[in-house]
Amino acid sequence: NLTQFAGAMNDNVFKLLMTYALIAWNDSSSSAEILGSVGLAFALPFLLIVPIAGNFADKFSKRDMIVRLKVLEIFVMAFGIAALHLHSSGMLYCTILLMSAQSAFFGPCKFGIVPELVGVEQLSKANGSIQLFTFVAIIVGTVLAPELSLIADGQFSFAASICLVIAAFGFLASRNIEPSPAHPDRKLSLNGFGSVWKTLSETRKDGYMTLAIFGLAVFLLCAAFIQLNILDYGEQHLGLRAEEATRLFLLTAIGIGIGSTAAGWLSGRSIEFGIVPIGTGIMSISLFVLGTLDHGNILLAAVCMSTLGFAGGLFIVPLEAFIQYR
């Protein structure tokens, strides 16, 4: 939980500071293009690396991989701080690619180690706890980044120095994770997409598993789309500055943390699928209302973003727990 907390916090703090820096160094009218390019740079390594990373997590000790990846995070953050100091957009995009690559290897280890550390009866609560820590980290990071940006007053490298401290904390936490077994007999395939195709062919025999995988995929698509657009939405529809509009995502993160905890509590010792359609319905209503708001209706937008996050927490915890159980 603490290791995941540090990683999620660093991702959000640095990505926001990078976005603010690129907007400050360029014409503010190009903010939409900058947001899109940062989002693409962060997503691309996931598409290319995650299929291979799953093979590494299956073969090697997940705990040992997590520790090594946290060491790598320290070096990536140092490189990113140098990029901000030199006002180098190219180095910043290299940093976000490296951040994403590190996260892509970390993800399968994080989700795969949960069923190794807890019993089947605790899967829902464990996933609820991880989601809570993840979104508490997003909350803290989302609050911290704009405040540091304003305090630093254009000195983005100084503001980003906090990322080194967070990365070091994550490394120290990772060293205390309980050892997990390696599987040296398993074959390591570097043909990631071949492995994905084989996995999907196997899961097709299990209709519920297939639905759970694609349900999470659609959720992440929507979440990424909302995160990319929330800064422009705040500026264009609510009259907020970029740093102020970021706080809308903060409200969503708070909602997801509460919703994830509620999902774990409601599921108890089982995996409760009944709350998934409830979460879906509430998310749909919240997004519809956000799309119809008049200019400047900040209070209702804040309520909708909080509700959207709460419903998202209800949606994802049962699906993640079910995939790990299966």
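All of these numbers come straight from a predicted model, not from anything done at the bench.

Conventions used here
Residues numbered from 1 in each chain as written. Predicted model: local features only at pLDDT ≥ 70, side-chain atom pairs only at ≥ 80, totals over all residues. Heavy atoms only, no water. Helix = DSSP H or I, 4+ residues; strand = E, 2+ residues; numbered from the N terminus. Rg over C-alpha atoms; globule rule 2.2 N^0.38 Å. Buried < 20%, exposed > 50% of the residue type's maximum accessible area, 1.4 Å probe, protein only. Contact = heavy atoms within 4.5 Å. Phe/Tyr/Trp six-rings, centres within 6.5 Å; stacked < 30°, edge-to-face > 60°. Lys NZ or Arg CZ within 6 Å of the ring centre and 35° of its normal. Expected span 1.5 Å × (residues − 1). Bend = angle between axes of the 7 residues up to and from the residue. Salt bridge = Lys/Arg side-chain N within 4 Å of Asp/Glu carboxyl O. Core = buried A, V, L, I, M, F, W, Y, C linked by side-chain atoms within 4.5 Å. Axes fitted to C-alpha atoms, helices over the stretch in contact; angles between N-to-C directions. Parallel < 35°, antiparallel > 145°, perpendicular 65-115°, else oblique. Left-handed = near helix turned anticlockwise from the far one by under 90°. Nonpolar A, V, L, I, M, F, W, Y, C, P; charged D, E, K, R; others polar.

Asker: Would you explain the overall build of the protein in this entry?
Answerer: Helix and strand content of the protein: 12 helices and 0 strands. For 326 residues, the compact-globule formula gives about 20 Å, and the C-alpha radius of gyration of the protein, at 20 Å, lands near that figure. Looking at the protein residue by residue over its 326 residues, the buried ones come to 48%. Considering only contacts in the protein between residues 6 or more positions apart, those separated by 24 or more positions represent 83%.

Asker: I keep staring at the packing of aromatic side chains and nothing clicks. Help me out?
Answerer: Each pair of aromatic rings is reported with the distance of its centres and the angle of its planes. One pass over the full model with this rule turns up 4 aromatic pairs. Where Phe42 meets Phe46, the ring centres are 5.6 Å apart and the plane angle is 55°; that geometry is what we call tilted. With a gap of 4 residues between them, Phe42 and Phe46 both fall in helix α2 (residues 31-59), about one helical turn apart. Judged by its relative accessible area of 13%, Phe42 falls in the buried class. Note on Phe46: relative accessible area 29%, which makes it partly exposed. Relative to Phe60, the ring of Phe56 has its centre 5.9 Å away and its plane inclined at 35°; by these criteria the two rings are tilted. Using a relative accessible area of 22% as the deciding quantity, one classes Phe56 as partly exposed. The positively charged end of Lys15 is found above the aromatic ring belonging to Phe42, 4.1 Å away from the centroid.

Asker: How should I be thinking about helix α4 (residues 89-117) in this particular structure?
Answerer: Since one α-helical turn is 3.6 residues long, residues separated by three or four positions face the same way. Taking 1.5 Å of rise per residue, the 29 residues of α4 would be expected to cover 42 Å, and the 41 Å separating its terminal C-alpha atoms lies within 8% of that figure. The largest bend in α4 comes to about 30°, at Phe106, with the proline Pro108 one to four residues further on.

Asker: Explanation requested: the pattern of salt bridges in the structure shown.
Answerer: Opposite charge on two side chains lets them pair, provided their charged atoms get close. Overall, the coordinates contain 6 salt bridges when judged by the stated rule. Linking Arg63 and Asp64 is a salt bridge whose minimum nitrogen-to-oxygen distance equals 3.4 Å. With a closest N to O distance of 2.6 Å, Asp206 and Arg326 form a salt bridge. Pair noted here: Asp206 is in the loop between α8 (192-203) and α9 (207-238) and Arg326 is in the segment after α12 (298-325), with a separation of 120 residues, a long-range link. We classify Asp206 as buried; its relative accessible area is 19%.

Asker: What is the right way to read the nonpolar core from this model?
Answerer: Generally speaking, a soluble globular protein has its nonpolar side chains buried in company with each other. Within the largest apolar cluster, 37 residues are counted, with the highest numbers of intra-cluster contacts made by Ile230, Tyr233, Leu248, Leu290, Met305 and Phe315. Elements represented by at least two residues in this core include exactly α5 (123-152), α9, α10 (242-267), α11 (275-291) and α12. A total of 11 residues in this core trace back to one element, the largest contributor, which is α12. Core analysis: the second largest hydrophobic core is formed by 34 residues, Met18, Val38, Ala41 and Ala160 among them.

Asker: What's the story with the packing of α5 against α12 in this structure? I'm lost.
Answerer: Two measures define how a pair of helices packs: the angle their axes make with one another and the distance between the axes. Across the interface, α5 lies against α12 with an axial gap of 9 Å and an inter-helix angle of 125°. One finds that α5 runs oblique with respect to α12. Note that α5 runs across α12; the crossing there is right-handed. Taken together, the residues of α12 that come into contact with α5 (itself represented by Leu123, Ser124, Asn127, Gly128 and Gln131) are Ile316, Val317, Glu320, Ala321, Gln324 and Tyr325. In terms of residue class, the contact of α5 with α12 is built from 5 nonpolar, 5 polar and 1 charged.

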